[in-house]
Amino acid sequence: MSSSFSFFSLPGNSTWTQGHKNLRKTTGQLIADRKSLDRVFIRPEDENSKKTLVKYMEQILFGLHDFLNRNVGVTDEISLTELAKNYMDVEISDHPQKNLGQVIEDIIKDIAPKAVNVASPYFIGHMTSALPFFMVHLKAITAALNQNVIKMETSKVLAVIERQVLAKIHRLIFKQSHDFYQAHVQNTRTALGAFTSGGTTANMTAMWVARNRLFPPKDDFSSIEEDGLFKAMRVHNTDRVVILVSRRGHYSLRKASGILGLGNKNIIIIDVKPDHTIDTDKLKQIIQDLKQEGRTKIAAIVGIAGATETGTIDPLQEMADICEQEQIHFHVDAAWGGPILLSQTYAHLLSGIERADSVTIDGHKQFYMPMGTGMVYFKNALALDAIAYHARYVNRKGSVDLGIKTLEGSREAACLILDASLKIMGAKGYALMIDHGIETAKAFAEKIDARPEFELVTPPVLNILTYRLVPMVFRQKLKTARGQTRKHLNQELDEINIRIQRIQREAGKSFVSRTRLKLVPEDDFMVVVLRSVIMNPYTTEAILDDILDEQEQIYHQL
Ligand SMILES: *Cc1c(COP(=O)(O)O)cnc(C)c1O
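Described below are features of the structure shown in this document. (Residues numbered from 1 in each chain as written. Predicted model: local features only at pLDDT ≥ 70, side-chain atom pairs only at ≥ 80, totals over all residues. Heavy atoms only, no water.)

## Points about the site of the ligand
No. 1: Of all residues adjacent to the ligand, which total 15 residues, the nearest are Thr-200, Asp-333, Asp-362, His-364 and Lys-365.
No. 2: Thr-200 is positioned with one of its side-chain polar atoms (N or O) 2.6 Å from an oxygen atom of the ligand.
No. 3: With respect to the ligand, the side chain of His-364 contributes an N or O atom lying 2.7 Å from an oxygen atom.
No. 4: For the ligand, the protein covers 86% of the area, taking 380 Å² as the surface of the free molecule.
No. 5: Among the elements that make up the shell around the ligand, the one with the highest residue count is helix H10 (residues 199-214) (three residues).
No. 6: Partitioning the shell around the ligand into residue classes produces three nonpolar, nine polar and three charged. (Near = heavy atom within 4 Å. Polar contact = N/O pair within 3.5 Å; in protein donor to acceptor, adjacent residues only side chain to side chain. Areas by Shrake-Rupley, 256 points an atom, 1.4 Å probe, with all protein chains shown as cover. Helix = DSSP H or I, 4+ residues; strand = E, 2+ residues; numbered from the N terminus. Nonpolar A, V, L, I, M, F, W, Y, C, P; charged D, E, K, R; others polar.)

## Examining unusual backbone geometry
No. 1: Even without being glycine, Asn-146 reaches a positive phi, approximately 45 degrees.
No. 2: Mapping Asn-146 onto the fold places it in the loop between helix H7 (134-145) and helix H8 (157-174).
No. 3: Within the chain, Lys-175 stands out as a residue other than glycine whose phi angle is a positive 50 degrees.
No. 4: Following the sequence through the fold, Lys-175 ends up in the loop between H8 and helix H9 (178-184).

## A look at the sheet that holds strand S4 (residues 296-304)
Whenever strands of a sheet pair, they do so through backbone hydrogen bonds, lying parallel or antiparallel.
No. 1: Pairing is mixed across the open sheet formed by seven strands, whose spatial order is S1-S7-S6-S5-S4-S2-S3. If you trace the sheet from one side to the other, it starts and ends with strand S1 (193-196) and strand S3 (267-270), each paired once. Going from strand to strand, the sheet's axes swing by 20 degrees on average, the running direction of each strand aside.
No. 2: Both S1 and strand S7 (residues 374-378) contribute to a ladder of four bridges, which runs antiparallel. Each bridged residue has a counterpart across the sheet, and for Gly-193 the counterpart in S7 is Tyr-377.
No. 3: On the sheet, H8 packs against S1, strand S6 (358-362) and S7 and is oriented at approximately 65 degrees with respect to S7.
No. 4: Helix H13 (residues 280-293) contacts strand S2 (240-246), S3 and S4 of the sheet and is inclined by roughly 175 degrees relative to S2. (Pairing = 2+ DSSP bridges. Axes fitted to C-alpha atoms, helices over the stretch in contact; angles between N-to-C directions. Contact = heavy atoms within 4.5 Å.)

## Observations regarding the packing of aromatic side chains
What characterises a pair of aromatic rings is the spacing of the ring centres plus the angle enclosed by the ring planes.
No. 1: The tally for this structure, following the rule as stated, stands at six aromatic pairs.
No. 2: An angle of 20 degrees between the planes, with centres 5.1 Å apart, marks the rings of Phe-123 and Phe-511 as stacked. Of this pair, Phe-123 sits in the loop between helix H6 (100-111) and H7 while Phe-511 sits in the loop between helix H17 (483-507) and strand S10 (513-517), placing them 388 residues apart in sequence.
No. 3: Since its relative accessible area comes to 7%, Phe-511 is described here as buried.
No. 4: Between Phe-367 and Tyr-430, the aromatic rings sit 5.5 Å apart at their centres with planes inclined by 85 degrees, giving edge-to-face as the arrangement. Of the two residues, Phe-367 is situated in the loop between S6 and S7 and Tyr-430 in helix H15 (residues 414-450); the sequence distance between them amounts to 63 residues.
No. 5: A relative accessible area of 0% means that Phe-367 is categorised as buried.
No. 6: The exposure class assigned to Tyr-430 is buried, which follows from its relative accessible area of 1%.
No. 7: Pairwise contacts between aromatic rings join Phe-444, Phe-454 and Tyr-467 into one cluster.
No. 8: Sitting over the face of the ring of Phe-215, Lys-297 holds its NZ or CZ atom 5.7 Å from the ring centroid. (Phe/Tyr/Trp six-rings, centres within 6.5 Å; stacked < 30°, edge-to-face > 60°. Buried < 20%, exposed > 50% of the residue type's maximum accessible area, 1.4 Å probe, protein only. Lys NZ or Arg CZ within 6 Å of the ring centre and 35° of its normal.)

## Description of the packing of H10 against helix H11 (residues 224-235)
No. 1: The N-to-C vectors of H10 and H11 enclose an angle of 75 degrees; their axes lie 11 Å apart at closest approach. With respect to each other, H10 and H11 are oriented roughly perpendicular. For the pair H10 and H11, the contacting residues are Trp-208, Arg-211 and Asn-212 in the first and Ile-224, Glu-225 and Leu-229 in the second. (Parallel < 35°, antiparallel > 145°, perpendicular 65-115°, else oblique.)

Here you go:
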């Protein structure tokens, strides 16, 4: 153990924050008493103790260096079952067991090596990746300030900054007039959106608003929030409330329908066209069918801007036309694709998003924020009134607190991280990352096409693509195979691709994920495809070649 750090030398003797050297001699003697309590709460004022705290920060910032530099390591080298055996103790120790330095060191030495290095440029399987390093500093400062943006009394200026950041992103999406933003940016009676814990709760919030707006006051019914869904449906002669989304919809919508009491069978799945975007003819047909039913209400139609599996984007303009004509809430799930709007080259792919009623964007995806931030935006600055809440002790009626219009209660000031990041990166900085991802994915697709043993299944519209390994022998056979023969050949290919993905993951150098898709919409079966998401600016074409080479090698060794 290096003695250059983790020696905490605040004045006084042994306790929670006692140094290692001391601890070694006095193991078991860490004690929790008033003195030690003071030591962990009182910020160090003298030079020595400040230095010590800085050392701990250094330990965190640079101690993970090795971890972040190695390969991916999602291996089963130590299986989850084996790992779990080391984490069976469920007792909380009476006495302090470790000081801060030790705890940090344990995390660096024992825990990080068994975690997944999502920062590796060889990790191209999921929507989680390397972060700009300043995010660590920004996360630290939000923790140091520990503001709670649920209300003004625990956040003050942060509540104002949150409004400003929300307005900036709202403007990026909806491009309303200067006057509109001047009227709303700091208007405490309206809300342009809300920060959430992720895309799931953002979608949930949007569906919550959409559901409530379906049931306006009528007779002795005032609102769903007050009278409940059952009365709403009775008073409004409704049997069923549905949400329409394509087959590529994210399962958070199903969770939303569960929580909102709609039932997830009432998420009506619309088929996709061969390019995996929603089939709008089928969408129109289903809307007509539902209208015939009479007692069914459509809460929302959801367009996807960057589908989780394929990265594909629904025809948002056409969907907006349909929603406008049918007077249906149009939600765009841009959890993944939203930040594309910052790219001058690719923003046009999201054309039509400005006509949505609500939009979800994840902060912890392509805004490259640390885990735990989503956002939901509403074109109408009064839309969130449909879910406004008041608690006597927190936010009184007429309150200007942000917590009255969010699903979450207490929240960290994630706005500070996004605001700072937008300042540090600028739209151009973000565009560099976004353009790199899309262009590298396109180059990757060409590489896949050029290799005789690979088949590109979904070409990248954004920075996500799927493909599979199809050995030459299968290629020949598939050319003429029909019906059951074709299905069986594909099942064999599924086996091969599952094994390749697994073995590559086990080797711990690279990681692509896998999912199942229909090759053509008419198929009654799905095939296994390898999925890659390219968002790390250090994922180069050479790395992608390595990954394909490795997959080929694995196949030939099978
Ligand atoms: C990731 C994602 C979500 C869910 O977001 P979480 O942050 O994981 O809750 C929803 N929709 C789409 C399209 C996504 O890609």
